[in-house]
Amino acid sequence: MSTTTSLSLIRRVALLVGVVLAGVLVLAAPASARPGGPPGRDHAFTLPTAPAAARQVRLQAVAPTVSPAARQVRHVAAGKPATCASGNLCTFVWDPTTASWKIFDLFTCARYSLANWHGAGFYVNSQTGGPTVTFYGQTGNVVNSFTGTGTGSQNWDPVWSIRNCT
(Lines give C-alpha, C1' and ligand atoms only; values in the text may rest on other atoms or scores of the structure.)
Protein backbone atom coordinates (compact mmCIF):
# COMPACT_ATOMS: atom_id res chain seq x y z
CA MET A 1 0.00 0.00 0.00
CA SER A 2 1.41 3.39 -0.94
CA THR A 3 2.02 6.17 1.58
CA THR A 4 -0.69 8.29 -0.04
CA THR A 5 -3.21 5.44 0.20
CA SER A 6 -2.23 4.80 3.85
CA LEU A 7 -2.68 8.48 4.75
CA SER A 8 -6.05 8.56 2.97
CA LEU A 9 -7.20 5.48 4.90
CA ILE A 10 -6.01 6.98 8.19
CA ARG A 11 -7.87 10.23 7.47
CA ARG A 12 -11.05 8.32 6.66
CA VAL A 13 -10.81 6.27 9.85
CA ALA A 14 -10.09 9.43 11.89
CA LEU A 15 -13.14 11.14 10.35
CA LEU A 16 -15.29 8.09 11.11
CA VAL A 17 -14.02 8.06 14.70
CA GLY A 18 -14.88 11.74 15.08
CA VAL A 19 -18.39 11.28 13.69
CA VAL A 20 -19.09 8.23 15.88
CA LEU A 21 -17.63 9.91 18.97
CA ALA A 22 -19.68 13.04 18.31
CA GLY A 23 -22.82 10.91 18.17
CA VAL A 24 -21.93 9.20 21.43
CA LEU A 25 -21.26 12.54 23.13
CA VAL A 26 -24.49 14.07 21.87
CA LEU A 27 -26.32 11.25 23.62
CA ALA A 28 -24.13 11.30 26.74
CA ALA A 29 -23.38 14.99 27.32
CA PRO A 30 -25.56 18.08 27.52
CA ALA A 31 -25.69 20.29 24.45
CA SER A 32 -24.98 23.51 26.33
CA ALA A 33 -23.58 24.75 29.58
CA ARG A 34 -26.04 24.60 32.44
CA PRO A 35 -25.72 24.60 36.21
CA GLY A 36 -24.15 21.37 37.40
CA GLY A 37 -24.78 21.74 41.10
CA PRO A 38 -24.03 24.09 43.92
CA PRO A 39 -20.80 26.13 43.61
CA GLY A 40 -17.90 24.72 45.59
CA ARG A 41 -18.81 21.09 44.97
CA ASP A 42 -17.03 18.55 42.80
CA HIS A 43 -18.84 17.30 39.70
CA ALA A 44 -18.94 13.50 39.30
CA PHE A 45 -20.11 11.63 36.18
CA THR A 46 -19.46 8.58 34.02
CA LEU A 47 -17.51 9.02 30.80
CA PRO A 48 -19.07 7.88 27.52
CA THR A 49 -17.85 4.70 25.88
CA ALA A 50 -15.32 4.95 23.09
CA PRO A 51 -16.23 3.94 19.55
CA ALA A 52 -14.66 0.68 18.37
CA ALA A 53 -13.04 2.45 15.39
CA ALA A 54 -11.09 4.75 17.76
CA ARG A 55 -8.58 1.97 18.49
CA GLN A 56 -7.66 1.71 14.79
CA VAL A 57 -6.35 5.30 14.64
CA ARG A 58 -3.99 4.75 17.58
CA LEU A 59 -0.95 3.65 15.53
CA GLN A 60 0.11 7.03 14.11
CA ALA A 61 -1.65 9.31 16.57
CA VAL A 62 -0.25 12.13 18.68
CA ALA A 63 -1.42 12.87 22.23
CA PRO A 64 -3.30 16.12 22.96
CA THR A 65 -1.39 18.70 25.08
CA VAL A 66 -1.80 22.20 26.58
CA SER A 67 0.63 25.02 27.27
CA PRO A 68 1.17 26.28 29.92
CA ALA A 69 0.86 23.02 31.82
CA ALA A 70 -2.45 22.13 33.43
CA ARG A 71 -2.72 21.77 37.20
CA GLN A 72 -3.38 18.07 36.66
CA VAL A 73 -3.58 15.79 33.61
CA ARG A 74 -5.10 12.35 33.86
CA HIS A 75 -6.46 9.57 31.71
CA VAL A 76 -9.76 7.83 32.40
CA ALA A 77 -11.06 4.86 30.45
CA ALA A 78 -14.31 5.19 28.56
CA GLY A 79 -17.30 4.15 30.65
CA LYS A 80 -15.49 4.82 33.93
CA PRO A 81 -16.38 7.50 36.49
CA ALA A 82 -14.54 10.82 36.58
CA THR A 83 -14.70 13.98 38.66
CA CYS A 84 -13.93 17.64 38.23
CA ALA A 85 -12.75 19.16 41.50
CA SER A 86 -14.12 22.48 42.66
CA GLY A 87 -12.10 25.43 41.33
CA ASN A 88 -11.19 23.80 38.00
CA LEU A 89 -12.29 23.99 34.41
CA CYS A 90 -11.92 20.36 33.31
CA THR A 91 -11.62 19.66 29.59
CA PHE A 92 -12.05 16.19 28.10
CA VAL A 93 -10.48 15.21 24.80
CA TRP A 94 -10.07 11.72 23.35
CA ASP A 95 -6.42 10.60 23.40
CA PRO A 96 -5.89 8.14 20.56
CA THR A 97 -2.43 7.18 21.87
CA THR A 98 -3.93 5.66 25.03
CA ALA A 99 -7.48 4.97 23.80
CA SER A 100 -8.87 6.87 26.79
CA TRP A 101 -10.20 10.29 27.77
CA LYS A 102 -7.46 12.78 28.59
CA ILE A 103 -8.63 15.24 31.22
CA PHE A 104 -6.93 18.60 31.73
CA ASP A 105 -7.71 20.35 35.03
CA LEU A 106 -7.23 24.06 34.27
CA PHE A 107 -7.00 25.90 37.59
CA THR A 108 -4.56 28.80 37.19
CA CYS A 109 -6.06 31.78 35.37
CA ALA A 110 -4.33 31.72 31.96
CA ARG A 111 -4.79 31.37 28.23
CA TYR A 112 -3.95 27.76 27.38
CA SER A 113 -2.77 26.85 23.86
CA LEU A 114 -4.03 23.50 22.60
CA ALA A 115 -2.15 21.03 20.42
CA ASN A 116 -3.55 17.89 18.78
CA TRP A 117 -7.10 18.34 20.07
CA HIS A 118 -9.46 16.74 17.56
CA GLY A 119 -13.08 15.72 17.38
CA ALA A 120 -15.87 15.81 19.88
CA GLY A 121 -15.25 16.23 23.59
CA PHE A 122 -16.69 18.15 26.48
CA TYR A 123 -15.95 20.32 29.47
CA VAL A 124 -17.04 20.67 33.09
CA ASN A 125 -16.78 24.08 34.71
CA SER A 126 -16.39 23.71 38.49
CA GLN A 127 -14.76 27.11 38.95
CA THR A 128 -16.02 29.33 41.74
CA GLY A 129 -16.66 33.06 41.64
CA GLY A 130 -18.35 33.06 38.23
CA PRO A 131 -15.46 33.66 35.79
CA THR A 132 -16.18 33.73 32.06
CA VAL A 133 -14.57 30.91 30.08
CA THR A 134 -13.70 31.55 26.42
CA PHE A 135 -12.65 29.13 23.68
CA TYR A 136 -10.74 30.79 20.80
CA GLY A 137 -10.16 29.79 17.18
CA GLN A 138 -6.98 30.04 15.11
CA THR A 139 -7.38 33.77 14.42
CA GLY A 140 -8.40 34.67 17.98
CA ASN A 141 -12.11 34.55 17.15
CA VAL A 142 -14.45 33.43 19.93
CA VAL A 143 -15.70 29.87 19.31
CA ASN A 144 -17.58 29.49 22.61
CA SER A 145 -17.97 31.56 25.76
CA PHE A 146 -19.91 30.93 28.96
CA THR A 147 -20.16 31.94 32.60
CA GLY A 148 -21.15 29.80 35.57
CA THR A 149 -20.73 26.21 36.57
CA GLY A 150 -21.99 23.43 34.34
CA THR A 151 -21.13 21.05 31.55
CA GLY A 152 -21.19 21.13 27.79
CA SER A 153 -20.10 19.27 24.69
CA GLN A 154 -17.51 20.81 22.39
CA ASN A 155 -16.04 20.07 18.97
CA TRP A 156 -12.33 20.70 19.63
CA ASP A 157 -11.32 20.99 15.95
CA PRO A 158 -11.88 24.78 15.68
CA VAL A 159 -10.55 25.51 19.21
CA TRP A 160 -6.91 26.63 19.37
CA SER A 161 -6.81 28.09 22.88
CA ILE A 162 -8.84 28.39 26.09
CA ARG A 163 -8.95 31.19 28.62
CA ASN A 164 -10.48 29.81 31.79
CA CYS A 165 -11.08 33.21 33.41
CA THR A 166 -11.51 36.91 32.67
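Above this text is the structure in question.
Residues numbered from 1 in each chain as written. Predicted model: local features only at pLDDT ≥ 70, side-chain atom pairs only at ≥ 80, totals over all residues. Heavy atoms only, no water.

Enquirer: Just to check I follow, could you spell out the side chain of Asn 144 for this structure?
Expert: As for its position among the elements, Asn 144 is in strand 10 (residues 142-147). A polar contact of 3.0 Å, which involves the side chain of Asn 144, links it to the side chain of Gln 154. When neighbours within four sequence positions are excluded, Asn 144 is seen to be in contact with Tyr 123, Val 133, Thr 134, Phe 135 and Gln 154. (Helix = DSSP H or I, 4+ residues; strand = E, 2+ residues; numbered from the N terminus. Polar contact = N/O pair within 3.5 Å; in protein donor to acceptor, adjacent residues only side chain to side chain. Contact = heavy atoms within 4.5 Å.)

Enquirer: I'm lost on the packing of aromatic side chains in this one. Help?
Expert: Aromatic ring pairs are described here by two measures, namely the spacing of the ring centres and the angle between the planes. In this structure the tally under the stated criterion is nine aromatic pairs. Aromatic pair Phe 92 and Phe 122: ring centres 4.4 Å apart, planes at 10 degrees, arrangement stacked. Of this pair, Phe 92 sits in strand 5 (residues 89-95) while Phe 122 sits in strand 8 (residues 120-125); the two residues are 30 residues apart in sequence, bridging distant segments of the chain. Each member of the pair Phe 92 and Phe 122 is classed as buried. Put simply, the rings of Phe 104, Trp 117, Tyr 123, Phe 135, Phe 146 and Trp 156 touch in pairs and so form one group of aromatic residues. When the ring centre of Phe 107 is taken as origin, the NZ or CZ atom of Arg 71, which lies over that ring, is 3.7 Å away. Here Arg 111 stacks its cationic end above the ring of Tyr 136, 3.6 Å away from the centre of that ring. (Phe/Tyr/Trp six-rings, centres within 6.5 Å; stacked < 30°, edge-to-face > 60°. Buried < 20%, exposed > 50% of the residue type's maximum accessible area, 1.4 Å probe, protein only. Lys NZ or Arg CZ within 6 Å of the ring centre and 35° of its normal.)

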